[in-house]
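Understanding the architecture of this molecule
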Amino acid sequence: MKVLIVDDEKHVRDAIKLLLDWSALGVDTVLEAADGASAVSLIETERPQVVYTDMMMPNMDGISLLRWIKENAPACKTIVISGHDDFDYVRGAVKYGGMDYLLKPIDAEQLLDITEKALRNWNDEERERLESQTRSMRINSLRPVYYDKLLSNLIGEPGSYFAEKMSFAQEFPELAEGVSCRVSLIATDTLHGKLRDKFATHTDLLLFSLTNICNELLNPNGGSPRQGIAFRFWNNRHPIVLLHWGSPERSSRVLESINDGLSRTFHTRVEFGLGCVHPFPAGVKESYEEADAVLRQRNLLKRSTWVRAFDPKDAPHPAELHMSDFEDRVRLAIRSSSKEKIEEAVHSWIDEVRKKDVVTMEHLELWRHEFQVLKSRWVKDFFPGDDAELRLPLETAVLPIPLNERGELSLDLWQEEMTGSLVRLAELVRKVTQQENHLIYEIARYLQSRVDQDISVQEVAAHFYLSREYVSRRFKQEFGETISDFLLRHRMERAKTLLLNPALKIVQIAHMTGYEDEKYFSKVFKKAFGQSPAEYRKKQTGDA
């Protein structure tokens, strides 16, 4: 802590310095000034907590110094030490916040008491100032979140205004019922590539920066009345919303000036969708929906303006092209595992898109959704089973719009994106098919080694930790026959070989081919070859 002793007599300053144990009081710096003017300079640079001042001094007297301290350094505690017991001086000291008026010669005990009191008061007030500052900082940090919630609810349900009417009146006194307003939206889905790359892993920081810049430029003078506010819209594809009022007909020019500011800061601009003017609060939601509609209907292939205002006369652009028309060709290309075939299939789709003059956000979202649905269908076809969806190659849930350097939709990049996705799927199909084929042949070898046993499909499936249905289906797909038919065929071929050995009885051969009942074995054999085991043996060996 610091104290300042102001007196034109050096011996008085020295006496005050010697009368107190400053380190015990927590004071580490004792400053001196010979007059009020010098004291002002020291107070401005050193900011002492306590000032001791004489009343009669050259250049600036004690009363003038006290007045200056009260106006410019009000936290500073002042103690008057004077050789004049004058009522005007005492009254002046009290008027300008002096804590006490001590007469010379100085009483050490009095000086200690008033100094301890002054330091204690300063510490208490400083603690209160810090707590107040902390509370204020906390409130200020939460205020944007509060605004976000208040205004987001207003767009979601305009009737919420009446439940929060007092809050709106306090926070936005300009927004009375019936006031003209309109909504604009930042098209964050087509932000320039450089801006997206710069904040690639800090999306919240990007949105925070954009919102702050918008607010600074919505109210460039930083005073009242405000002309609008930018806020974060919760749970929607348009995370930044601007609500304009005051002179909403000037909103287009305001948005252009915001873009100028963004250009100076980030060296790029953003697209805005602007709704029509409506009365507050009932029309806020409608204006938002209009701003959303104009962004969803804008042509992604060619930007005509940065600010797009809603016009009810504009005709919508229905999607006349669907990816399902190309399903068979793409599915066959995936099954072929040929990158060239996949590229040709995707190229045929993109060629059809190129023929369109307009591609809107609604078109792109529809086609991407169709693409995902088709991929899910193909996966279920390629990988029958409950876990088919888990076999889809891992990809970003929400893909950014592929843009060129001008910020327009790049069909070439979209083609690369689709091709890459399908090539990854085809590679997975190839690998899984190889693995499954290997497994099916392993099952076949397992069955061949157990033709002498009565084994069921369920037992085979359990041995390989697979479902009965999966094993049956994949086995039939690979070999063109069921497991039962496969076992029967190999048992009968083995039986024919064993019957050539006259030393083996037919009952033995039945057991060696997995049949406990000789009569049932003979019945199955005759059905397979048109003759009984005994007749077959006789014919093959010539035995009578």
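Going by the structure above, here's the rest.
Please read these numbers as outputs of a predicted model, since none were measured by experiment. Throughout, residues of each chain are indexed from 1 in the direction in which the sequence is written. Where totals are concerned, whole chains, interfaces and linings use all residues; where local detail is concerned, this predicted model gives features only for residues with pLDDT of at least 70, and gives and counts side-chain atom pairs only at 80 or more. Note: side-chain values were computed over all heavy atoms of the structure, leaving out hydrogens and water.

Considering the pairing of strand β8 (residues 240-244)
The two faces of the sheet receive side chains in turn, since in a regular strand these alternate between them. In plain terms, the rule: Working definition: with a 1.4 Å probe on protein chains only, accessible area under 20% of the residue-type maximum means buried, over 50% means exposed, and in between means partly exposed. The helix and strand labels rest on DSSP assignments: H or I over at least four residues marks a helix, E over at least two residues marks a strand, and numbering proceeds from the N terminus. A pair of strands is treated as paired once DSSP finds two or more bridges between them.
Along β8, 5 of the 5 residues are buried, which leaves the element largely enclosed by surrounding structure. Here β8 shows two buried faces, one formed by Ile240, Leu242 and His244 and the other by Val241 and Leu243. Of the pairings in the sheet, the one linking strand β6 (residues 180-186) to β8 comprises 4 bridges and is antiparallel in character. When the bridges of β8 are listed, valine 183 appears paired with leucine 243. Pairing analysis gives 5 bridges linking strand β7 (residues 228-232) to β8, with the strands arranged antiparallel. Among the inter-strand pairings, phenylalanine 231 is bridged to a residue of β8, identified as valine 241.

Structural notes on the pattern of salt bridges
Two side chains with opposite charge may pair up if their charged atoms get near one another. Note the cut-off: Here, a salt bridge means any side-chain nitrogen of Lys or Arg that lies within 4 Å of a carboxyl oxygen of Asp or Glu.
One pass over the full model with this rule turns up 28 salt bridges. Glutamate 481 is paired through a salt bridge with arginine 489; the nearest N and O atoms lie 2.6 Å apart. In the salt-bridge network here, residues are joined through shared partners; they are Asp189, Glu271, Arg298, Arg303 and Arg308.

Brief notes about the environment of serine 160
Our working definition: By definition, residues are in contact when any of their heavy atoms lie within 4.5 Å.
The residue serine 160 is located in helix α6 (residues 160-163) in this model. The buried category is assigned to serine 160, whose relative accessible area is 18%. When sequence neighbours within four positions are dropped, the list of residues in contact with serine 160 reads Asn153 and Leu154.

Focus: the layout of surface pockets
Spelled out, the test is: Both cavities and pockets are sets of points on a 1 Å grid over the protein atoms alone; in a cavity a 1.4 Å probe fits but cannot get out, in a pocket the set is open with protein on both sides within 12 Å along at least five of seven lines, and lining residues sit with an atom within 4 Å of a point. Grid points are joined across faces, edges and corners, and a volume is the space filled by probe spheres set on the points. The classification used treats Ala, Val, Leu, Ile, Met, Phe, Trp, Tyr, Cys and Pro as nonpolar, Asp, Glu, Lys and Arg as charged, and all other residues, Gly among them, as polar.
Reported here for the second largest pocket is a volume of approximately 370 Å³. Lining the second largest pocket are 17 residues, and of these Pro144, Thr211, Asn212, Asn215 and Ala230 lie nearest its centre. For the lining of the second largest pocket, a count of residues per class yields 7 nonpolar, 6 polar and 4 charged.

A look at the packing of helix α9 (residues 203-218) against helix α10 (residues 251-266)
Put simply, the test is: A fitted line through C-alpha atoms represents every axis, and for helices the fit uses only the stretch in contact; the resulting angles, taken between N-to-C directions, go from 0 to 180 degrees. Each angle receives one of four descriptions, namely roughly parallel if under 35 degrees, roughly antiparallel if over 145, roughly perpendicular if within 65 to 115, and oblique otherwise. Note on convention: the crossing is left-handed when the near helix lies turned anticlockwise from the far helix by less than a right angle, right-handed when the turn is clockwise.
Running from N to C, α9 and α10 point in directions that differ by 130°, and their axes come no closer than 9 Å. By the angle between their axes, α9 is oblique relative to α10. Crossing of α9 over α10 shows right-handed handedness. Touching Ser209, Leu210, Ile213, Cys214, Leu217 and Leu218 of α9 are Val254, Ser257, Ile258, Gly261, Leu262, Arg264, Thr265 and Phe266, all from α10. Within the contact of α9 with α10, the residues separate by chemical class into 9 nonpolar, 4 polar and 1 charged.

Things to note about the packing of helix α2 (residues 36-46) against helix α3 (residues 62-72)
The contact between α2 and α3 brings their axes to 10 Å, and the two run at 20°. It follows that α2 is roughly parallel to α3 by the angle criterion. Judged by the sense of rotation from one axis to the other, the crossing of α2 with α3 is right-handed. Two secondary-structure elements touch here, α2 through Gly36, Ala39, Val40, Ile43 and Glu44 and α3 through Leu65, Trp68 and Ile69. Looking at side-chain class alone, the contact of α2 with α3 contains 6 nonpolar, 1 polar and 1 charged residues.

Details of the environment of glutamate 365
With respect to the helices and strands, the residue glutamate 365 is situated in helix α14 (residues 361-382). For the pair glutamate 365 and valine 51, spaced 314 residues apart in sequence, the C-alpha separation works out to 71 Å.

Structural notes on the sheet that holds strand β5 (residues 98-103)
Pairing within the open sheet is parallel, and its 5 strands lie in the order β2-β1-β3-β4-β5. Whereas interior strands pair on both sides, the edge strands pair on one side only; in this sheet they are β2 (29-33) and β5. The average angle at which neighbouring strand axes cross in this sheet is 20°, direction not considered. Relative to β2, strand β1 (residues 2-6) runs parallel, the two being bridged by 5 bridges. Pairing of lysine 2 across the sheet is with threonine 29, part of β2. Docked against the sheet, α2 engages β1, β2 and β3 (50-53), running at close to 170° with respect to β1.

So, the packing of aromatic side chains
Heads up, the rule is: Any two rings among Phe, Tyr and Trp, with Trp reduced to its six-membered ring, count as a pair given centres within 6.5 Å; such a pair is stacked if its planes are under 30 degrees apart, edge-to-face if over 60, and tilted if neither. The criterion for a charge sitting over a ring is simple: Lys NZ or Arg CZ within 6 Å of the ring centre, and within 35 degrees of the ring normal.
Taken as a whole, this structure holds 24 aromatic pairs when the rule is applied. With a centroid separation of 5.0 Å and 70° between ring planes, the pair formed by tyrosine 441 and phenylalanine 479 is classed as edge-to-face. Remark: phenylalanine 479 occurs in helix α17 (residues 468-479) and tyrosine 441 occurs in helix α15 (residues 411-448); sequence separation between them is 38 residues. You can call tyrosine 441 partly exposed: its relative accessible area is 37%. Note on phenylalanine 479: relative accessible area 26%, which makes it partly exposed. Aromatic side chains tyrosine 515 and tyrosine 520 sit 5.9 Å apart centroid to centroid with 55° between the ring planes, which places their arrangement in the tilted category. Residue class for tyrosine 515 comes out buried when judged on its relative accessible area of 8%. Through pairs of rings, three or more aromatic residues link up here, namely Tyr146, Tyr147, Tyr161, Phe162, Phe168, Phe172, Trp245 and Phe280. Over the face of the ring belonging to tryptophan 122 we find arginine 129, whose NZ or CZ atom lies 5.7 Å from the ring centre. In this arrangement the basic side chain of arginine 303 is found over the ring face of tryptophan 306, its NZ or CZ atom lying 3.9 Å from the centre.

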